Amino acid sequence: MLILGIETSCDDTAAAVLKENEILSNVLTSQDSIHTKFGGIVPELASRKHLQAIHPIVETALANAGIKLSDINLIAATQGPGLIGSLLVGYSYSKALSYVSKIPLVGVDHMAGHILSIFLGRDKPTFPYIALIVSGGTSSIYLAHNYNSFQLLGRTRDDAAGEAFDKVAKLLGLSYPGGPQVSEKATNGNPEYVHFPRAWLDENSLDFSFSGLKTAVLNHVHQQHRKDAELCINDICASFQEAVVEVLVTKTILAAQHNNIGTVVIGGGVSANPRLREVFTERCHKEGLFFYAPPPQYSTDNAAMIALAGFYSFKDSGPNSLDEDVYSRSQLG
Ligand code: KG4
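Residues numbered from 1 in each chain as written. Predicted model: local features only at pLDDT ≥ 70, side-chain atom pairs only at ≥ 80, totals over all residues. Heavy atoms only, no water.

Draft legend 1. Structural view of the sheet that holds strand β8 (residues 149–155). Ordered in space as β8-β7-β6-β9-β10, the 5 strands form an open sheet in which the pairing is mixed. Both outer strands of the open sheet, β8 and β10 (290–292), are each paired with one neighbouring strand and no more. Across this sheet, the average inter-strand angle for adjacent strands is 25°, counted without regard to direction. Judged from the 6 bridges that link them, strand β6 (residues 129–134) and strand β7 (residues 139–146) form a sheet pairing that is antiparallel. In the strand pairing of β7, I130 is matched with L143. Where helix α9 (residues 274–287) meets the sheet, its contacts fall on β6, β9 (263–267) and β10, and the angle it forms with β9 comes to roughly 175°. (Pairing = 2+ DSSP bridges. Helix = DSSP H or I, 4+ residues; strand = E, 2+ residues; numbered from the N terminus. Axes fitted to C-alpha atoms, helices over the stretch in contact; angles between N-to-C directions. Contact = heavy atoms within 4.5 Å.)

Draft legend 2. Structural view of the site of the ligand. Around the ligand lies a shell of 20 residues, among which G136, D166, G179, G269 and D301 are the nearest. At the level of elements, α4 (110–116), α5 (161–171) and α6 (178–186) are the ones that each hand at least two residues to the shell around the ligand. The dominant element in the shell around the ligand, judged by the number of residues it contributes, is α6, at 4 residues. Residue classes in the shell around the ligand are distributed as 5 nonpolar, 13 polar and 2 charged. Split by domain, the residues of the shell around the ligand number at least three in each of domain 1 (2–114 + 299–317) and domain 2 (123–293). (Near = heavy atom within 4 Å. Nonpolar A, V, L, I, M, F, W, Y, C, P; charged D, E, K, R; others polar. Domains from an automatic or database assignment.)

Draft legend 3. Quick peek at the domain arrangement of the protein. Domain boundaries in the protein define domain 1 (2–114 + 299–317) and domain 2 (123–293). In this complex, domain 1 contributes 16 residues to the contact, which on the side of domain 2 involves 16 residues. Both faces considered, domain 1 and domain 2 share a buried interface measuring about 1,300 Å² in area, 62% of it formed by carbon and sulfur atoms. Of all residues in domain 1, the largest losses of buried area upon contact with domain 2 belong to M111, S299 and Y312, amounting jointly to 39% of the total for that side. For the interface between domain 1 and domain 2, the tally reads 0 salt bridges. Summed over the shared surface of domain 1 and domain 2, the result is 8 residue pairs in polar contact (both at pLDDT 80 or more). Here the side of domain 1 that touches domain 2 is composed, by residue class, of 5 nonpolar, 8 polar and 3 charged. (Buried area = accessible area lost by both parts, 1.4 Å probe. Salt bridge = Lys/Arg side-chain N within 4 Å of Asp/Glu carboxyl O. Polar contact = N/O pair within 3.5 Å; in protein donor to acceptor, adjacent residues only side chain to side chain.)

Draft legend 4. Here's a closer look at the side chain of E242. Note on placement: E242 falls in helix α8 (residues 233–258). We classify E242 as buried; its relative accessible area is 17%. In this structure the side chain of E242 is engaged in a polar contact, spanning 2.8 Å, whose partner is the side chain of R275. Excluding residues that lie within four positions of it along the chain, E242 makes contacts with P191, R198 and R275. (Buried < 20%, exposed > 50% of the residue type's maximum accessible area, 1.4 Å probe, protein only.)

Draft legend 5. Highlighting helix α2 (residues 43–65). Between its first and last C-alpha atoms α2 spans 31 Å; for 23 residues at 1.5 Å apiece the expected length is 33 Å, and the two agree. At A53, α2 shows its maximal bend, which comes to roughly 40°, and the proline P56 appears one to four places after that position. Listing the buried residues of α2 in full gives A46, S47, H50, A53, I54, I57, V58, A61, L62 and A65. Its buried side turned inward, α2 meets β1 (2–7), β2 (12–19), β3 (22–30), α1 (32–35) and α3 (84–101). Phi for G66, located one or two positions after α2, is positive at around 75°. (Expected span 1.5 Å × (residues − 1). Bend = angle between axes of the 7 residues up to and from the residue.)

Draft legend 6. Broad picture of a nonpolar patch on the surface. Together, Y99, V100 and L322 make up a nonpolar patch on the protein surface, roughly 340 Å² of accessible area in all. The residue V100 is located in helix α3 in this model. Overall, the relative accessible area of 63% leaves V100 in the exposed class. (Patch = residues over 30% accessible without salt bridge, like charges linked within 9 Å, V, L, I, M, F, W, Y side chains within 5 Å. Areas by Shrake-Rupley, 256 points an atom, 1.4 Å probe, with all protein chains shown as cover.)

Draft legend 7. Layout of the sheet that holds β2. Pairing in this open sheet of 5 strands is mixed, and the strands run β3-β2-β1-β4-β5 from one edge to the other. Both edges of this open sheet fall to β3 and β5 (105–109), since each of them pairs with a single strand only. Looking at each pair of strands side by side, their axes are set apart by 20° on average, direction ignored. Here 4 bridges tie β1 to strand β4 (residues 74–80), and the two strands are oriented parallel to one another. Bridge pairing links I3 to L74 in β4. The sheet contacts of α2 involve β1, β2 and β3, and relative to β2 the element is tilted by about 25°. Sitting on the sheet, helix α11 (residues 304–317) is in contact with β1, β2, β3, β4 and β5, with an inclination near 105° to β4.

Draft legend 8. Expanded view of the pairing of β2. Counting buried positions along β2 yields 7 of 8 residues, so the element is predominantly enclosed. Where β1 meets β2, 6 bridges bridge the pair, whose relative direction is antiparallel. Bridge assignment links I3 to a residue of β2, and that residue is L18. Bridging between β2 and β3 involves 8 bridges; their strand directions are antiparallel. In the sheet register, D12 faces β3, and the bridge partner there is S30. Between β2 and β3, which pair antiparallel in sequence order, lie 2 residues; one of them, E20, sits at a positive phi of approximately 55°.

Draft legend 9. Highlighting α9. For α9, spanning 14 residues, the distance from its first C-alpha to its last is 20 Å, which sits close to the expected 20 Å at 1.5 Å a residue. All buried positions along α9 are accounted for by L276, R277, V279, F280 and C284. Summarising the axial view, the buried residues of α9 lie within an arc of 165°, below the 170-degree limit, and thus occupy one face. Projecting away from the buried face of α9 at angles above 90 degrees are the exposed residues P274, H285 and K286. Where α9 is buried, its residues meet β6, α8, β9, β10 and α10 (296–299). With a side-chain oxygen positioned 3.0 Å from the backbone nitrogen of R275, the residue opening α9 is N273. (Arc of directions from axis to C-beta.)

Next up, the structure:
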């Protein structure tokens, strides 16, 4: 079965062709250069850029795979969660393509894509596993029972981890998206320079909160300004990153232990963070857990993971009807 995946949930326009779970092509156009001067995504600009990019990117994905649209057996498109304007472009385009070409359409929850993105890499886990999904829009822990059943165990109560990275980067005068910038600066910084707060919330809670941490960084910056003291950007980045990583790793391992699950998987843009991968590797090894992280190109938004999740969803419950809407909050768990 050949699957065309289409992803437009946020600011990347992406398309991929999979032959079941083998990637034939995977292409993406990033809007980073457009949004960077605003320090974050401007939803209307994102929708307009998707509208320009969607058709050429699908044509490129088909050409790179060496096939024609008529060869495709299934269209899998992100139905939510995400920015509504962005989702509407990709999902409407996919509906139209499905209607005129008579190829079935399956709507995919973007979170399912991230949870299953691990299967796009070489090392594949077995079910069940605990999945930490951390991106610009979410920080959630799931128990993945199989390719189509995901149980939400914890989520952020305020900012997502990636959002915190982006906001701290903006505060420090670094460009958007902030995560890669902060993690690069952090490699030359001292993680013990400032002990920023860790929000553990209630005992055994698997929820996250990053807004207090962001405010603590802001307060530190103001304090330094008041003292006319130098801002040690690398050290602040390293200290902030260490606080985020410690909470993400500790709560994910707690989720595995409480549910008696032996495997931990990460996904989403923040999972590309080298320090997060390093600490997960060390801690999982110490706790006797298997740890899997997708190759970095499949951590961030991509259409290959949407095609893959769509393939399994279609096998389980068939196509979506063409009168369905998009949604802004994940329907999983
Ligand atoms: O999954 P993604 O590509 O898009 C969604 O938000 O859905 O994730 C983007 C987020 C941004 O907040 C970005 O700053 C963050 O992932 N990110 C990182 C790193 N690379 C991307 N955060 C920390 N460290 C990184 N290396």
